[in-house]
Amino acid sequence: MKYLIAGTGGVGGSIAGFLSLAGKDVTCIARGAHLQSIQTNGLTLKSDLKGEHTLRIPATTAEEFNGKADVIFVCVKGYSVDSIVELIKRAAHKDTVVIPILNVYGTGPRIQKLVPEVTVLDGCIYIVGFVSGTGEITQMGKIFRLVYGAHHGTVVKPGLLEAIRQDLQEAGIKVELSPDINRDTFIKWSFISAMAVTGAYYDVPMGEVQKPGKIRDTFIGLSTESAALGKKLGVEFPEDPVSYNLKVIDKLAPESTASMQKDLARGHDSEIQGLLFDMIAAAEEQGIDIPTYRMVAEKFKESNH
């Protein structure tokens, strides 16, 4: 099967690197100096799970890609989704599936509206991965878990979801085919929102959230409020969402930070709209009180508008 990775940052680059190491057919979409470096020197993967490798992976811009792909992983940031619509239309054939792996809830349905003729699934990922240099991706820690599935009513070619799962497992990625991807993408959004917002608000790595005290209490407050929103939206949590979020945060490398936090620190575009302000808007729409979210939002209102 042919894999196309749209967005070769920490997430996309890690997926591409692991698939390539397992001998799978994978092409990367990137841009700028990062792309030039991958084309010239290969993609450097520094991975706690796989060691260090330089991989010769075909790479091109979205505009220059002219092949077809069986599976398109969308790994761009939420604010860049519109920029890859033309790529999806060009690269898809009748059985292609698109799997968005974004931190923002509702991405699958959003992309599906933009490309109604293509089969769009949904997905989420648990990983600490980031661009650590031009043409270089670092995957930190032992967690690399990818969850994907079809929304109710989405028809997928028989056997295709299982074939993708097999390829990902052979690549050493822990993978789950979700029976309720709406639930699983909400759970991920709830977690990453609380994690990124707490880290950015206090400007600390995850080790500080792992200690009892004010910072951890903020993370708990945010998790409690997004869980209340989820319950109102009909999300059926398999376990207590706050305990779950704490379990995940406590497994992260203490020195790790969320990508939103890194982007804000560098003055880049960030996912703060999708991870903070969209959460607040959704809660207000449902009549959910979110004092912790409102408190942290005060700090970021100026930077966002």
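Definitions and limits used
Residues numbered from 1 in each chain as written. Predicted model: local features only at pLDDT ≥ 70, side-chain atom pairs only at ≥ 80, totals over all residues. Heavy atoms only, no water. UniProt positions renumbered as here; feature names shortened; annotations may be inferred. Pairing = 2+ DSSP bridges. Helix = DSSP H or I, 4+ residues; strand = E, 2+ residues; numbered from the N terminus. Buried < 20%, exposed > 50% of the residue type's maximum accessible area, 1.4 Å probe, protein only. Polar contact = N/O pair within 3.5 Å; in protein donor to acceptor, adjacent residues only side chain to side chain. Contact = heavy atoms within 4.5 Å. Domains from an automatic or database assignment. Buried area = accessible area lost by both parts, 1.4 Å probe. Axes fitted to C-alpha atoms, helices over the stretch in contact; angles between N-to-C directions. Left-handed = near helix turned anticlockwise from the far one by under 90°. Nonpolar A, V, L, I, M, F, W, Y, C, P; charged D, E, K, R; others polar. Arc of directions from axis to C-beta.

The protein chain has the name 2-dehydropantoate 2-reductase in an unreviewed UniProt entry, where Bacteroides caecimuris is given as its organism. UniProt, in its Function (unreviewed entry) section for the protein chain, records the words "Catalyzes the NADPH-dependent reduction of ketopantoate into pantoic acid."

Colleague: Can you help me understand the sheet that holds strand S6 (residues 69–74) in this one?
Modeller: The strands that make up a sheet are held in pairs by hydrogen bonds between backbone atoms, and each pair lies either parallel or antiparallel. What the six strands build is an open sheet, ordered S5-S2-S1-S6-S7-S8; its pairing is parallel. Sheet topology places strand S5 (59–60) and strand S8 (119–120) at the edges, where each strand pairs with a single neighbour. The pairing of strand S7 (residues 92–100) with S8 spans two bridges and is parallel. By the bridge assignment for S8, Val98 is matched with Val120.

Colleague: Can you walk me through the side chain of Ser47 in this structure?
Modeller: Relative to the helices and strands, Ser47 resides in strand S3 (residues 43–47). Judged by relative accessible area, Ser47 falls into the buried class, the value being 9%. Here the side chain of Ser47 touches Lys50 through a polar contact of 2.8 Å, landing on its backbone nitrogen. Those residues in contact with Ser47 that sit more than four places away from it in its chain are Phe18 and Gln139.

Colleague: Sorry, what's going on with the pairing of strand S4 (residues 51–55) here?
Modeller: Where a strand is regular, its side chains alternate between the two sheet faces. As judged from the five bridges shared by S3 and S4, these two strands associate in the antiparallel manner. Residue pairing for S4: Ser47 is matched across the bridge by Gly51. Hairpin connection of S3 to S4: three residues between the antiparallel strands.

Colleague: Just to check I follow, could you spell out the domain arrangement of the protein chain for this structure?
Modeller: Where interface size is quoted, it is often the accessible area lost as the parts come together. Assigned domains of the protein chain: these are domain 1 (2–179) and domain 2 (183–299). Distance from the C-alpha centre of domain 1 to the C-alpha centre of domain 2: 24 Å. Tallying the contact residues gives 19 residues for domain 1 and 25 residues for domain 2. Buried area between domain 1 and domain 2, summed over both chains or domains, comes out near 1,900 Å², and the portion from carbon and sulfur atoms is 63%.

Colleague: Looking at this structure, I do not really get the packing of helix H6 (residues 181–202) against helix H10 (residues 259–266). What am I missing?
Modeller: To describe two helices that pack against each other, one gives the angle between their axes and the distance between the axes. Packing of H6 against H10 brings their axes to within 8 Å, and their N-to-C directions diverge by 35 degrees. The hand of the H6/H10 crossing is right-handed. Packed against H6, whose contacting residues are Ala196, Val197, Gly199 and Ala200, the element H10 presents Met260, Gln261 and Leu264 at the interface. Each residue belonging to the contact of H6 with H10 can be placed in one class, and the counts come to five nonpolar, two polar and no charged.

Colleague: Mind showing me how you'd approach unusual backbone geometry here?
Modeller: Most peptide bonds take the trans form, and the phi angle of most residues other than glycine is negative. Unusually for a residue other than glycine, Asp203 sits at a positive phi of about 55 degrees. Of note, Asp203 is situated in the loop between H6 and helix H7 (206–209). Its relative accessible area of 59% is what places Asp203 among the exposed residues.

Colleague: How should helix H4 (residues 107–114) be read in this particular structure?
Modeller: Three or four residues apart is the spacing at which side chains of an α-helix point the same way, because the helix has 3.6 residues per turn. What H4 keeps buried is the set Thr107, Gly108 and Ile111. Buried positions in H4, seen along its axis, are confined to an arc of 100 degrees and lie on one side of it. Looking at the buried residues of H4, the elements they touch are S6, helix H3 (85–91), S7, S8 and strand S9 (122–133).

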